[in-house]
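These are the residues of each chain, in order.
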Amino acid sequence: MTTREHDHAPGAPGSAAPAGESYGAHAAPDGHGGHDHGGSGHAGHSHGVAPDADRRYLTAALVLIGAFIVVEVIVGILANSLALITDAGHMVTDAFAIGLALVAMRLAARPARGRWTYGFKRAEILSAQINGITFLVLAVWFTYEAVRRLISPPDVEGALVIVTAAVGIVINVIAAWLISRANRSSLNIEGAYQHILNDLWAFIATLISGIVVLSTGFARADAIASLIVAALMLKSGIALVRESWRIFLEAAPAGIEPDSVGSDLASVEGVTEIHDLHIWTITSGFPALSAHVLVEPGDDCHRVRDRLQERLRERYAITHTTLQVDHADPAVLAIGTTRGHCEDPHGAVHTP
């Protein structure tokens, strides 16, 4: 890898770059050469979980939910209610999500160093994925148990189910309020918040099943409520796993179409071509972009790059960018040979 000063930067050669910008030229491992600019206009933005996220609210919600889980499992066993035990299982995953979120927040706060060039920003995505997979496993198990009880329903203590479900509704309202007070930019924290809201519906279904059992003796209502809770868990699990896999597989952030972004960037004054365009997500709220940009001969590469970064920031809220900028002509001089800018460009090529 070679590094040299750009010889037609604004002002005198070798002049210092503005704060927060890097004007050094770096030959990329895939054969990109020339006077590229590894600019990174990401000053002032937050990556993933904000460092000032209030852990006290999450901890309070975790303690509240954990205490209620113990009570609900005991009552569920005494009342012989699968709906209550299923609700407790749902809340276990919520507690698990909050606990992982707290761990992930601490990991994400560690500075990047050594091999970990992004630090541990993706710790919260990993925990979200684990949480989602747990949801899916429990949903399958509870569905199996509910079907078994539909075939052969046991006796259920409706009164205990009603009281416990009513208390569960209150607990979930308080827990949802606590988590809503914390920083919800994290996929993990937002997921836990949504799950607790889903728990409200689950407890409402359980409450209704208890009333039905107590008033009519229809014991299968308990198993039906369990199926409703399992469906909510399945929905939440699929959403978490899908979103976390999108991030792990380096897919473009939801709502951003790379081809449209590439065409838009190619329309910026001075740009003749955009290729090797990559848009991905490091962690929640941390989109990143890199691209190879060719500009008109004689144009100011620094000025063109500033235009591109401004457009990415204003139109797409992408502030972490790495743009390799070269003149379109003449060809880049490599050691011992002359070649084009990229022997094997990745993805689509965008031109004005």
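Check the entry above for the structure.
Rules behind the numbers
Residues numbered from 1 in each chain as written. Predicted model: local features only at pLDDT ≥ 70, side-chain atom pairs only at ≥ 80, totals over all residues. Heavy atoms only, no water. Helix = DSSP H or I, 4+ residues; strand = E, 2+ residues; numbered from the N terminus. Expected span 1.5 Å × (residues − 1). Buried < 20%, exposed > 50% of the residue type's maximum accessible area, 1.4 Å probe, protein only. Contact = heavy atoms within 4.5 Å. Core = buried A, V, L, I, M, F, W, Y, C linked by side-chain atoms within 4.5 Å. Arc of directions from axis to C-beta. Pairing = 2+ DSSP bridges. Axes fitted to C-alpha atoms, helices over the stretch in contact; angles between N-to-C directions. Phe/Tyr/Trp six-rings, centres within 6.5 Å; stacked < 30°, edge-to-face > 60°. Right-handed = clockwise from strand over helix to strand, strands pointing away.

Trainee: Is there a simple way to explain helix α1 (residues 55-79) in this structure?
Mentor: Spacing of three or four residues puts side chains on the same side of an α-helix, whose turn is 3.6 residues. The terminal C-alpha atoms of α1 lie 36 Å apart, and with 25 residues this matches the ideal 36 Å at 1.5 Å per residue to within 8%. Every buried residue of α1 is accounted for by Tyr-57, Leu-58, Ala-61, Ile-65, Phe-68, Ile-69, Glu-72, Val-75, Gly-76 and Ala-79. Taken from the residues just after α1, Asn-80 is the one with a positive phi, measuring 60 degrees.

Trainee: Just checking my understanding: could you explain the side chain of Ser-236 for this structure?
Mentor: With respect to the helices, strands and loops of the structure, Ser-236 is situated in helix α6 (residues 220-248). On the basis of relative accessibility, which here comes to 6%, the residue Ser-236 falls in the buried class. The residues touching Ser-236, leaving out its near neighbours within four places in the chain, are Phe-135, His-195 and Asn-198.

Trainee: What is the right way to read the nonpolar core from this model?
Mentor: Nonpolar side chains tend toward joint burial in soluble globular proteins. Counting 25 residues, the largest nonpolar core has Leu-58, Ile-65, Met-91, Ile-98, Ile-179 and Ile-196 as its most contacted members. Listing elements by their share of this core, those giving two or more residues are α1, α2 (82-108), α4 (158-181) and α5 (187-216). Here the element with the most residues in this core is α2; it accounts for seven residues. Not counting the four nearest positions on each side in its chain, Ile-65 is found in contact with Met-91, Ala-95, Ile-98, Ala-175 and Ile-196. In this structure, Ile-256, Val-271, Ile-274 and Leu-312 belong to the second largest nonpolar core, which totals 21 residues.

Trainee: I tried to follow the environment of Phe-142 on my own but got confused; where do I start?
Mentor: Following the sequence through the fold, Phe-142 ends up in helix α3 (residues 123-151). The buried category is assigned to Phe-142, whose relative accessible area is 2%. C-alpha separation for the pair Phe-142 and Ala-223, spaced 81 residues apart in sequence, amounts to 9.4 Å. The residues touching Phe-142, leaving out its near neighbours within four places in the chain, are Ile-85, Thr-86, Gly-89, Ala-230 and Met-233.

Trainee: Explanation requested: helix α8 (residues 301-316) in the structure shown.
Mentor: Over its 16 residues, α8 runs 22 Å from end to end, which matches the ideal 22 Å to within 8%, given 1.5 Å per residue. For α8, the set of buried residues is Cys-301, His-302, Val-304, Arg-305, Leu-308, Gln-309 and Leu-312. What you see down the axis of α8 is that its buried residues fit within an arc of 160 degrees, all on one side. For α8, exposure combined with an orientation more than 90 degrees from the buried face picks out Glu-314 and Arg-315. Looking at the buried residues of α8, the elements they touch are α7 (258-266), β3 (271-283), β4 (286-295) and β5 (320-327).

Trainee: Is there a simple way to think about the sheet that holds β4 in this case?
Mentor: Spatially, the three strands line up as an open sheet ordered β3-β4-β5, and their pairing is mixed. The open sheet has two free edges, formed respectively by β3 and β5, since each of these has just one partner strand. Here the strands of the sheet are splayed against their neighbours by 10 degrees on average, with no regard to which way each runs. Pairing between β3 and β4: nine bridges, direction antiparallel. For Val-271, the partnering residue across the bridge sits in β4 and is Val-295. Packed onto the sheet, α7 meets β3 and β4 and runs at close to 140 degrees relative to β3.

Trainee: Would you take a moment to explain unusual backbone geometry for this structure?
Mentor: The phi angle of most residues is negative, glycine excepted, and most peptide bonds adopt the trans form. With a phi angle near 50 degrees, Asp-276 is a residue other than glycine that sits in the positive phi range. Inspection of the secondary structure assignment puts Asp-276 in strand β3. Residue Asp-276 is classed as buried on the basis of its relative accessible area of 3%. Unlike most non-glycine residues, Ala-317 shows phi in positive territory, near 55 degrees. Ala-317 sits in the exposed class, given a relative accessible area of 54%.

Trainee: Where do I start with the packing of aromatic side chains in this structure?
Mentor: Note on aromatic pairs: each is described by the distance of the centres and the angle between the planes. In the structure shown here, the tally under the stated rule is three aromatic pairs. Summarising the aromatic geometry, the rings of Trp-141 and Phe-142 are spaced 4.9 Å apart at their centres and angled 35 degrees between planes, so their arrangement reads as tilted. What makes Trp-141 partly exposed here is its relative accessible area of 45%.

Trainee: What's the story with the pairing of β4 in this structure? I'm lost.
Mentor: The side chains of a regular strand alternate, first on one face of the sheet and then on the other. Buried residues dominate β4, accounting for 10 of its 10 residues. With burial as the criterion, each face of β4 is covered, one bearing Phe-286, Ala-288, Ser-290, His-292 and Leu-294 and the other bearing Pro-287, Leu-289, Ala-291, Val-293 and Val-295. Between β3 and β4, which pair antiparallel one after the other, the connecting turn spans two residues, and Gly-285 there sits at a positive phi close to 75 degrees. The pairing of β4 with β5 spans eight bridges and is classified as parallel. Following the sheet pairing, Ala-291 is matched in β5 by Leu-323. Each parallel crossover has a hand, and the one from β4 via α8 to β5 is right-handed.

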